[in-house]
Amino acid sequence: MKSFYRWSLHLLTLGVTATGVLYFWMKYLLESEDPFSIINHPWQNLMLHGHILFSPLLLFVFGVFFNSHVMRKLRNGQPQGRRSGLASLLVFPLMAISGYALQVVTQETVLQAALIVHLVSGGLFALVYLVHLIVGLRNWRPASNLKHSSRRGNKAIAA
């Protein structure tokens, strides 16, 4: 996996998560001083626009990552990070579909359901993605360390 795609996925996930959390905070948890305003914070629209602009890029990079990272790990049968990786893989489509539904649905109850699904799946994806990164970092060892430690192990066995 090229580091460009890996860093793109990390940065886009961070961007989508940050703009989503900030937009949620501004829209639903803040109150405007102006009772006639529908915007609670001057940056509220900027956060929504950023969230909507980052999301298709995240979908694209996630698809590239799925093809190169996920399929390779599934074929190799590597157990490290499997649960967190599969959890993020299962939650991602719910987050993406409900996010698009928020843009096109007009019926109020369906819109509310899509919002709840999007908030829950988006929060779960961010949490599981973070766990997956932590698990991956704990299991990661540079190739030079692996070669070096295996040589030591062979010398110890030979001695």
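Note that this is a predicted model, so its numbers are computed, not measured.

The helix and strand inventory of the chain stands at five helices and zero strands. Reading the chain from its N terminus to its C terminus gives the helix and strand order α-α-α-α-α. Burial statistics for the chain: of 159 residues in total, 25% are counted as buried. Sequence separation of 24 or more characterises 67% of the internal contacts of the chain that already satisfy a separation of 6 or more. Carbon and sulfur atoms make up 68% of the accessible area of the chain, which amounts to about 11300 Å² in all.

Quick look at the packing of helix H1 (residues 3–29) against helix H2 (residues 44–76) now. Interaxial distance between H1 and H2 falls to 8 Å at its minimum, and their mutual angle equals 150°. Considering the angle they form, H1 stands roughly antiparallel to H2. Considering the relative orientation of H1 and H2, their crossing is left-handed. Residues of the contact of H1 with H2, tallied by class, amount to 16 nonpolar, nine polar and two charged.

With that out of the way, let us pick up the packing of H2 against helix H3 (residues 82–104). One way to put it is that H2 packs onto H3 with a least axis distance of 11 Å and a crossing angle of 150°. With respect to each other, H2 and H3 are oriented roughly antiparallel. As for the relative orientation of H2 and H3, their crossing is left-handed in sense. Together, Ile-52, Pro-56, Leu-58, Leu-59, Phe-62, Phe-66, Val-70, Lys-73 and Leu-74 of H2 and Arg-82, Leu-86, Leu-89, Phe-92, Ala-96, Tyr-100 and Gln-103 of H3 make up the contact between the two elements.

Moving on, we get to the side chain of Thr-13. Take Thr-13: it is sitting in helix H1. When its relative accessible area of 4% is taken as the criterion, Thr-13 is described as buried. Setting aside anything within four residues of it in sequence, one finds Thr-13 in contact with Leu-58, Phe-125 and Tyr-129.

Taking 1.5 Å per residue, 33 residues should reach 48 Å; H2 reaches 44 Å between its end C-alpha atoms and fits that length. Roughly 45° is the biggest bend found in H2, and it falls at Phe-66. Within H2, the full set of buried residues consists of Gln-44, Met-47, Gly-50, His-51, Leu-58, Val-61, Phe-62, Phe-65, His-69 and Val-70. Directly after H2, the chain includes Gly-77, whose backbone phi takes a positive value near 70°.

A few words on the environment of Gly-136. With respect to the helices, strands and loops of the structure, Gly-136 is situated in helix H4 (residues 108–139). Placed 52 residues apart in sequence, Gly-136 and Ser-84 show a C-alpha to C-alpha distance of 9.8 Å.

About the criteria used
- Residues numbered from 1 in each chain as written.
- Predicted model: local features only at pLDDT ≥ 70, side-chain atom pairs only at ≥ 80, totals over all residues.
- Heavy atoms only, no water.
- Helix = DSSP H or I, 4+ residues; strand = E, 2+ residues; numbered from the N terminus.
- Buried < 20%, exposed > 50% of the residue type's maximum accessible area, 1.4 Å probe, protein only.
- Contact = heavy atoms within 4.5 Å.
- Areas by Shrake-Rupley, 256 points an atom, 1.4 Å probe, with all protein chains shown as cover.
- Axes fitted to C-alpha atoms, helices over the stretch in contact; angles between N-to-C directions.
- Parallel < 35°, antiparallel > 145°, perpendicular 65-115°, else oblique.
- Left-handed = near helix turned anticlockwise from the far one by under 90°.
- Nonpolar A, V, L, I, M, F, W, Y, C, P; charged D, E, K, R; others polar.
- Expected span 1.5 Å × (residues − 1).
- Bend = angle between axes of the 7 residues up to and from the residue.

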